[in-house]
Amino acid sequence: MRTRPLAGTVVAVTGGAAGSAIAEAVAGAGAAVVMGAVDGDAVRVAASVIAGRTGAAVVGARLDVAQAEWFSAFLEHAESECGPVDVLVNSAGVEWAGAFDDEPDEVAQRQFAVNVLGVVNGMKLAIPGMRRRGGGHVVNVAGAGVAATEVATRCAVRGYSAAVRAQVRGSGVRVSVVVPSERRPVAAAVLGVILRGRRAG
């Protein structure tokens, strides 16, 4: 029987493909998971599949991380379904694969809205409750692409995370940043960061 080091932990995960991989990893470690993605039907199906594979409580809900009211409703839904969120994984992200000067303005704006504002929304909404409860963990996944706008959003996420980490120091709330790579797949990297945080706590 697999050990379940995250048993009793509630993890909220944002994002589509990356979010599903992370959700399966943390559910396999015993966490109850609430997944959020723009495609509500797809994320609910993915949650059902992951629940069947892992035996964990996994639910899905529609979420546009760039909309603060959606994010607030998502976290409320997570609490009503599974309990207060112990870990928030901000893994939603979009990217542009072409040259910087071919990138449409609306694509660049959407990247900042999702990759940066989505992280800001999640942290502003989740951390106050974590502080009141005396602990919690936010894990921000910064994209690994090399396109100019995505690199800019990655720098913004790292900087914002560092600033918030300094402000919540001593509260019991941890803030981590994960940058995936070929040698460090996102799901395994996020799970490792969460587990290290649990051991430290």
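The rules behind the values
- Residues numbered from 1 in each chain as written.
- Predicted model: local features only at pLDDT ≥ 70, side-chain atom pairs only at ≥ 80, totals over all residues.
- Heavy atoms only, no water.
- UniProt positions renumbered as here; feature names shortened; annotations may be inferred.
- Helix = DSSP H or I, 4+ residues; strand = E, 2+ residues; numbered from the N terminus.
- Rg over C-alpha atoms; globule rule 2.2 N^0.38 Å.
- Buried < 20%, exposed > 50% of the residue type's maximum accessible area, 1.4 Å probe, protein only.
- Contact = heavy atoms within 4.5 Å.
- Areas by Shrake-Rupley, 256 points an atom, 1.4 Å probe, with all protein chains shown as cover.
- Lys, Arg positive; Asp, Glu negative; His and termini not counted.
- Charge placed at Lys NZ, Arg CZ, Asp CG, Glu CD.
- Polar contact = N/O pair within 3.5 Å; in protein donor to acceptor, adjacent residues only side chain to side chain.

For the protein chain, the name recorded in an unreviewed UniProt entry is SDR family NAD(P)-dependent oxidoreductase, with Actinokineospora soli as its organism. As stated in UniProt under Sequence similarities (unreviewed entry), the record for the protein chain gives "Belongs to the short-chain dehydrogenases/reductases (SDR) family."

Caption draft 1: Inspection of the overall build of the protein chain at higher detail. Looking only at helices and strands, the protein chain has six helices and six strands in total. For the protein chain, the α and β elements follow one another from N to C terminus as β-α-β-α-β-α-β-α-β-α-β-α. Taken over the C-alpha trace, the protein chain has a radius of gyration of 16 Å; the compact-globule value for 201 residues is 17 Å, and the two agree within 12%. Out of the 201 residues belonging to the protein chain, those deemed buried represent 50%. Considering only intrachain contacts with a sequence separation of at least 6, the fraction spanning at least 24 residues in the protein chain is 67%. Summed over its atoms, the accessible surface of the protein chain is roughly 9,500 Å², and 54% of this surface lies on carbon and sulfur atoms. Each charge class in the protein chain was averaged separately, 20 positive and 17 negative side chains, and the resulting centres sit 15 Å apart.

Caption draft 2: Quick look at the side chain of T54. One can find T54 in helix α2 (residues 40–54). By relative accessible area, which is 10% here, T54 ends up buried. In terms of polar contacts, T54 uses its side chain to reach the backbone carbonyl oxygen of I50, at 2.8 Å.

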